[in-house]
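Examining the three-dimensional arrangement
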Amino acid sequence: MGKKLLLDKINVEGIRFLEVYRREGGYESLKKALSLKPEEVLEEVKKSGLRGRGGAGFPTGLKWSFLARPEGVPRYLVCNADESEPGTFKDRYLMEFIPHLLIEGMIISSYALGSNTSYIYIRGEYDWVTDIVDEAIIDARRAGLLGKNILNSGFDCEIYTHRGAGAYICGEETALLESLEGKRGLPRIKPPFPAVKGLWGCPTVVNNVETLAAVVPIMIIGGEEYAKIGVGKSTGTKLISACGNINKPGVYEIDMTISVEEFIYSDEYCGGIPNGKRLKACIPGGSSVPVLPANLLLKTAAGETRFMNYESLSDGGFQTGTMMGSGGFIVLDEDQCIVRHTLSLSRFYHHESCGQCSPCREGTGWLEKVFWKLENGKGDLKDIDLLWDIQRRIEGNTICPLGDAAAWPVAAAIRHFRDEFEWHVTHREECLKRNYGLAHYADPLPA
Amino acid sequence: MHNMKEENLTAPVFSADQLEEVKMLVSRYPDGKQKSALIPVLHLAQKHFGGWLSVASMDYVASILNLKPIEVYEVATFYSMFNTKPVGKFVFEVCQTGPCMLNGSDDIISYIREKLNINPGETTPDGLFTLKAVECLGACGYAPMMQLGKTYQEHLTKEKVDRIIEDCIKMSSENN
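Residues numbered from 1 in each chain as written. Chains lettered and ligands numbered in written order. Predicted model: local features only at pLDDT ≥ 70, side-chain atom pairs only at ≥ 80, totals over all residues.

Focus: the sheet that holds strand 3 (residues 158-163) of chain A
All names here are of chain A. Spatially, 3-2-1-4 is the arrangement adopted by the four strands of the open sheet, whose pairing is parallel. Each edge of the open sheet is held by one strand with a lone partner, namely strand 3 and strand 4 (204-208). When the angles between neighbouring strand axes are averaged without regard to direction, this sheet yields 20°. When strand 1 (residues 75-81) meets strand 4, the two strands line up parallel, connected through five bridges. Directly across from Tyr 76, in strand 4, lies its bridge partner Thr 204. (Pairing = 2+ DSSP bridges. Helix = DSSP H or I, 4+ residues; strand = E, 2+ residues; numbered from the N terminus. Axes fitted to C-alpha atoms, helices over the stretch in contact; angles between N-to-C directions.)

Some thoughts on the interface of chain B and chain A
With 34 residues of chain B at the contact, the number on the chain A side is 45 residues. Secondary-structure elements contributing two or more residues to the side of chain B that touches chain A are helix 3 (38-48), helix 5 (69-78) and helix 6 (98-102) of chain B. A class-by-class count of the residues in the side of chain B that touches chain A yields 18 nonpolar, ten polar and six charged. (Contact = placed C-beta atoms within 7 Å. Nonpolar A, V, L, I, M, F, W, Y, C, P; charged D, E, K, R; others polar.)

Topic: the sheet that holds strand 1 (residues 90-95) of chain B
All names here are of chain B. With mixed pairing, four strands are arranged side by side in an open sheet as 2-1-3-4. The open sheet has two edge strands, strand 2 (129-134) and strand 4 (151-153), and neither has a second partner. Adjacent strand axes in the sheet meet at a mean angle of 25°, parallel and antiparallel pairs treated alike. Alignment of strand 1 against strand 2, held across six bridges, turns out to be parallel. Opposite Phe 90, over in strand 2, you have Phe 129 as the bridge partner.

Side note on the environment of Thr 300 of chain A
Residue and element names in this part refer to chain A. You can see Thr 300 is positioned in the loop between helix 12 (294-298) and helix 13 (310-313). With 13 residues separating them in the primary sequence, Thr 300 and Leu 313 have C-alpha atoms 8.5 Å apart. Every residue in contact with Thr 300, bar those within four places of it in the chain, is listed here: Arg 306, Asp 315, Gly 316 and Thr 320.

Section: the environment of Leu 18 of chain A
Residue and element names in this part refer to chain A. Along the chain, Leu 18 falls in helix 1 (residues 18-23). Take Leu 18: there are 21 C-beta atoms within 10 Å of it, and that puts it in the buried class. Along the backbone, Leu 18 and Leu 387 are 369 residues apart, and their C-alpha atoms lie at a distance of 52 Å. The contact partners of Leu 18, leaving out residues within four places of it in the chain, are His 100, Ala 136, Asp 139, Ala 140 and Ala 143. (Buried ≥ 20, exposed ≤ 12 C-beta atoms within 10 Å, placed from the backbone.)

In structure tokens, the structure reads:
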């Protein structure tokens, strides 16, 4: 059993409510933080080595230290709860079942950053989740944990939820800020970074839900202790939302020292693949990260065991590795077709492109069209090279990373499963009749 | 038939209670930044003005937030949750993205198509159901799934879809 810091109390009945949350030690972390100076709180977060849990993995303490502090200008903390990366549903889980963990983390973080008004930008579809968080905010306010002079510390803070309305792009922090200002979610050109010019032109920090929740245990056990959990620069614990062809889909907290194989096959986590099927491929960090075939997923190209942490998952770069990303862990069994699955992802990125940059706006549409041809028995061998060419021209040529996110899954699918693409051309009739691809990429069944 | 188009020809207005809610939403942002309340207020308008946003509804929202109508139109058309055309009383938004697809969302969509005799994007002639195939809703571990109003309907099977449709019909006849 790995160390749990975020979900250790998740099974306590009524933990969603303030009374139970406090009885279980909730808001003690806030008390401790308020007894320190804001810069001391920041120092603890720096020491913890906490990395952004939304997908990019940027060190949180460092991000906070970039926040500009001009006199007389308000600073803002914005929580990114626009969870929309396919495969990812961990933030929803936290907000739905233990909302006070996020609120407590946000008050502490607001204190460290000097934000007196903080916002939680929640994806619009999480309507009932917003109600749960709103209720928790009301309860916290009533208990003097929000509002003026919190716990007699002299610190004032209000937190408000703000629902989006269905746009994956608003998970990108500058698009999120545009959306929070009541505009279309078009990413801004950086610099200036939000830390200097963010919400309404004021210095702003945008952090993911899980990142802000992790600040709570960091203040309790201290940054140094937190940094001892995990391995290397993958400190602390990480939530993984596991889905696809596994026996036990759900949200798991791991301490980043377990192997990918254990995560997939152990009963404590995914519980293996249903119906005795074999593992074919996996997208371990949300749909944007490269897909890996079973052999490269369980072991690195050098033959070493691959672990569930930032460094190990990216071992081998994009040639033979992938990324930790958001922790959206999508498993594909031997019956799944890579072309069909990647078509679905390309359609997603085409739908979600904001349309601002032509390589992404046009390129994602082309990717979807060419994929559709291949999957529907109308493809040619040169279409595979065309797909490669299109993704290469999108990557790195757009304002925000949505272009890269659309390109990477395509590049990885062709890199690792080229003969399955070719099979769609040489077996046009057959691929129309069946929905699955080639099974020979799958691993032998574990003994 | 419930004629949504005609209903929206008359300019919609919020009730006193709804206007209080608008005021509360606007108060969440600094003075002069009331534009930030646009998306929350559009949600409110869609909820109370028949499940969609007519030009009249959007113009009304523009007037109460002191915005130009174009500022409202461009936002309403950008976000996929806002319907700028009438929809049925019950909107089935079935997720079709990768993880749901791996768990049979295509079969669920085909089943609903057959059962309601409409394609994605269409509404049944009685104005009761709209079917939409949508992208990832963040419920990948509980696939296949769809959004129905405020709630998520997860772990869908054909039997569960049957039950949901029956419940909707029942609910609708009870309300009439």
